[in-house]
Amino acid sequence: MIEREVTIRNRAGLHTRPAASLVKLAAKFKAEFFIEKDGFEINGKSIIGVMTLAAEQGSKLHLKFSGEDEEEMARAVVALFDQGFGEPMQ
Amino acid sequence: MSMALENLKETRKQSITVGFLYERNRERLRMRCLNGETGFEKEIRDKNIHRPGLALAGYTELFTYDRVQVFGNTEIRYLQHLSLEERIRAFDRIFQFDVPCIIITNDNQIDDELIRIATERQVAILITPFETTKLVYFVGDFLDDQFSPQTVIHGSFIDVYGIGVVLVGRSGIGKSEVALDLVERGHRLVADDVVMITRKGEGILIGAGTDVVKHFMEIRGLGLIDIRSIFGIRSIRFQKRVEVVVELQEWSRDMEYTRTGLDHDNIAILGVEIPHVKLPIFPGKNITVIVEVIALDYLLKHYGYDAAKEFSKRLDAAIAEKSKGKRSVDYFEHDFE
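Novice: For the sheet that holds strand E16 (residues 239-241) of chain B, give the residues involved together with the corresponding values.
Specialist: Strand pairs in the sheet, formed through backbone hydrogen bonds, run parallel or antiparallel to each other. Residues and elements named next belong to chain B. Taken in spatial order, the four strands of this open sheet run E8-E12-E13-E16, and their pairing is antiparallel. Of all strands in the sheet, those with a lone pairing partner are strand E8 (150-153) and E16, marking the two edges. Each adjacent strand pair in this sheet contributes to an overall mean axis angle of 30°, direction not counted. In this structure, strand E13 (residues 204-208) lies alongside E16, joined through three bridges in antiparallel fashion. The residue of E16 that forms the bridge with alanine 208 is glutamine 239.

Listed below in structure tokens is the structure:
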């Protein structure tokens, strides 16, 4: 299992569209993917789960990847977070 | 077993603020605050409630000051029989300790002087018309719930014939589709994808959705749908006891599935053991109906009938009588249909 810390960087936070791009990306990989925030953990491949986080700009998320392609998955997912989902950061 | 049920992350609130306690109970307990919003940011860390009669009277050893302090008729009557000076002294004695808040029951009156002391010490004084036993019951239940262990399960949670069934399985296996099918057949959705489970008391699990998601559901290829808007109020519930976990799995030759149902497989969620049914799926199999039958079978067992055991008993009897393979009806009574 791989664990990573990420921060929400785009201004609008993890709203519907970024949530959709996140789960779409996650669905391409075989590994299981969980996101933890405020002590609760949800499945990162579930759009409803990701939207439940209601993560605003600046909030920190703990990611867990587990499975054969966990390395590539972690790299791709962390990159998506680092780019602020391609949205404005300020 | 899917990762969805392994190492569930258990959380438990460490504290709530007095303001939160007040906001959540203001209406149903008709509570008011006697000193503005003083001390609303103070934290409550204990789910128990204390009546500080002895502390008021001067015995402060083992005073559980960090609990919500309830002033019932006894405390108020005791204070009233003192002179104002003694009252102030008794009150001061309690405030040597860091009490989170005070709740006065039966709408009992206290001196403005005492309210002033509480305000100085930044302690909220709440008042309710409820009698002490009722207030202790409601606030106790509220605090118990707030400090209960919780976890989140990735699955669909449906009330099937009154039985709380959680469907789990890997992402994309079709949990939501089965849940939708069940709703279509008249069963009620509690939550989809994110099920928050709370342990109530000992041995009871209660599941609910989250406030953001409510009764939304994702159907692959269709997107998000709102079950409540489509199917109406009869198709949803807000909370339900969790009674059975059904795990959907791709059928695999290497996996062993129960064939008789004599050995029950349990799973522990927040330390509570509940039945766990592993259901292999393959084309042509009607999972919805099987889930209905799982619920009904659970009901039968609950009322004392275990089909697998009954069958096994009959077989034992037949072996003892050496009456193998006989037809169940001896004579067809002129029935030629």
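There's plenty left to go through after this.
Novice: Could you give an account of the packing of helix H1 (residues 16-27) of chain A against helix H3 (residues 70-82) of chain A, naming the residues involved and the relevant values?
Specialist: Residue and element names in this part refer to chain A. Across the interface, H1 lies against H3 with an axial gap of 10 Å and an inter-helix angle of 165°. Taken together, the axes of H1 and H3 are roughly antiparallel relative to one another. The handedness of the crossing between H1 and H3 is right-handed. Every residue of H3 that contacts H1 at Ser21, Leu22, Leu25 and Ala26 is listed here: Met73, Ala76, Val77, Leu80 and Phe81. When the residues that make up the contact of H1 with H3 are grouped by side-chain class, the tally is eight nonpolar, one polar and no charged.

Novice: I'd love a proper account of the pairing of strand E17 (residues 244-250) of chain B, names of residues and values included.
Specialist: All names here are of chain B. Burial analysis of E17 places six of its seven residues in the buried class, which makes it a mostly covered element. With four bridges connecting them, strand E10 (residues 163-168) and E17 associate as parallel partners. Looking at the pairing, valine 165 lines up with valine 244 of E17. Here E17 runs beside strand E19 (residues 272-281); their pairing, made up of six bridges, is parallel. Bridging from a neighbouring strand, valine 245 pairs with histidine 276 of E19.

Novice: Run through the state of the cysteines, naming residues and quoting values.
Specialist: All names here are of chain B. Evaluated as defined, the whole model comprises zero disulfides over all chains. In this structure cysteine 33 is a free cysteine whose sulfur lies 9.2 Å from that of cysteine 101, the closest cysteine sulfur available. Taking relative accessible area as the criterion, cysteine 101 reaches 0% and is therefore assigned buried.

Novice: Help me get a handle on the interface of chain A and chain B, residues and values and all.
Specialist: Taken together, the contacts link 17 residues of chain A with 20 residues of chain B. Here chain A packs against chain B, burying approximately 1600 Å² in sum over the two surfaces, 73% of which is carbon and sulfur. Among the residues of chain A in contact with chain B, Phe40(A), Ile48(A) and Thr52(A) are the three that bury the most area, contributing 35% of the side total. Linking chain A with chain B are one salt bridge, by the criterion used here. Across the pair Glu36(A) and Lys9(B) runs a salt bridge whose closest N-O atoms are separated by 3.7 Å. For the interface between chain A and chain B, the tally reads two residue pairs in polar contact (both at pLDDT 80 or more). Breaking the side of chain A that touches chain B down by element, the ones donating at least two residues are strand E2 (32-37), strand E3 (40-43) and helix H2 (47-52) of chain A.

Novice: Report on the side chain of Glu70(A), specifying residues and quantitative values.
Specialist: Residues and elements named next belong to chain A. As for its position among the elements, glutamate 70 is in helix H3. Look at glutamate 70: it is buried, it has no salt bridge, and the nearest opposite charge is arginine 4 at 8.7 Å. A polar side-chain atom of glutamate 70 sits 2.9 Å from the main-chain amide nitrogen of glycine 67. The contacts of glutamate 70, once residues within four sequence positions are left out, are Met1, Ile2, Ala31 and Phe65.

Novice: How would you summarise the layout of surface pockets if you had to cite specific residues and measurements?
Specialist: Counted as a void, the largest pocket has a volume near 1200 Å³. In terms of lining, the largest pocket is formed by 36 residues, of which the most central are Gln150(B), Met196(B), Ala208(B), Gly209(B) and Thr210(B). Among the secondary structure elements, those contributing two or more residues to the lining of the largest pocket are E3 of chain A together with helix H1 (18-25), helix H6 (132-146), E8, strand E12 (195-200) and E13 of chain B. Looking at the lining of the largest pocket, the element that brings in the most residues is H6(B), giving four residues. Within the lining of the largest pocket, the residues separate by chemical class into 13 nonpolar, eleven polar and twelve charged. Residues from two domains meet in the lining of the largest pocket; each of domain 1 (16-146) and domain 2 (150-309) of chain B gives at least three. Roughly 880 Å³ of volume is contained in the second largest pocket. Looking at the lining of the second largest pocket, the elements with two or more residues in it are E19, helix H9 (287-302) and helix H10 (307-321) of chain B. Here the lining of the second largest pocket takes seven residues from H9(B), the largest share from any one element.

What counts as what
- Residues numbered from 1 in each chain as written.
- Chains lettered and ligands numbered in written order.
- Predicted model: local features only at pLDDT ≥ 70, side-chain atom pairs only at ≥ 80, totals over all residues.
- Heavy atoms only, no water.
- Pairing = 2+ DSSP bridges.
- Helix = DSSP H or I, 4+ residues; strand = E, 2+ residues; numbered from the N terminus.
- Axes fitted to C-alpha atoms, helices over the stretch in contact; angles between N-to-C directions.
- Parallel < 35°, antiparallel > 145°, perpendicular 65-115°, else oblique.
- Left-handed = near helix turned anticlockwise from the far one by under 90°.
- Contact = heavy atoms within 4.5 Å.
- Nonpolar A, V, L, I, M, F, W, Y, C, P; charged D, E, K, R; others polar.
- Buried < 20%, exposed > 50% of the residue type's maximum accessible area, 1.4 Å probe, protein only.
- Disulfide = S-S within 2.5 Å.
- Buried area = accessible area lost by both parts, 1.4 Å probe.
- Salt bridge = Lys/Arg side-chain N within 4 Å of Asp/Glu carboxyl O.
- Polar contact = N/O pair within 3.5 Å; in protein donor to acceptor, adjacent residues only side chain to side chain.
- Lys, Arg positive; Asp, Glu negative; His and termini not counted.
- 1 Å grid on protein atoms, 1.4 Å probe; cavity = no way out; pocket = protein on both sides within 12 Å on 5 of 7 lines; lining within 4 Å.
- Points joined across faces, edges and corners; volume = space filled by probe spheres on them.
- Domains from an automatic or database assignment.

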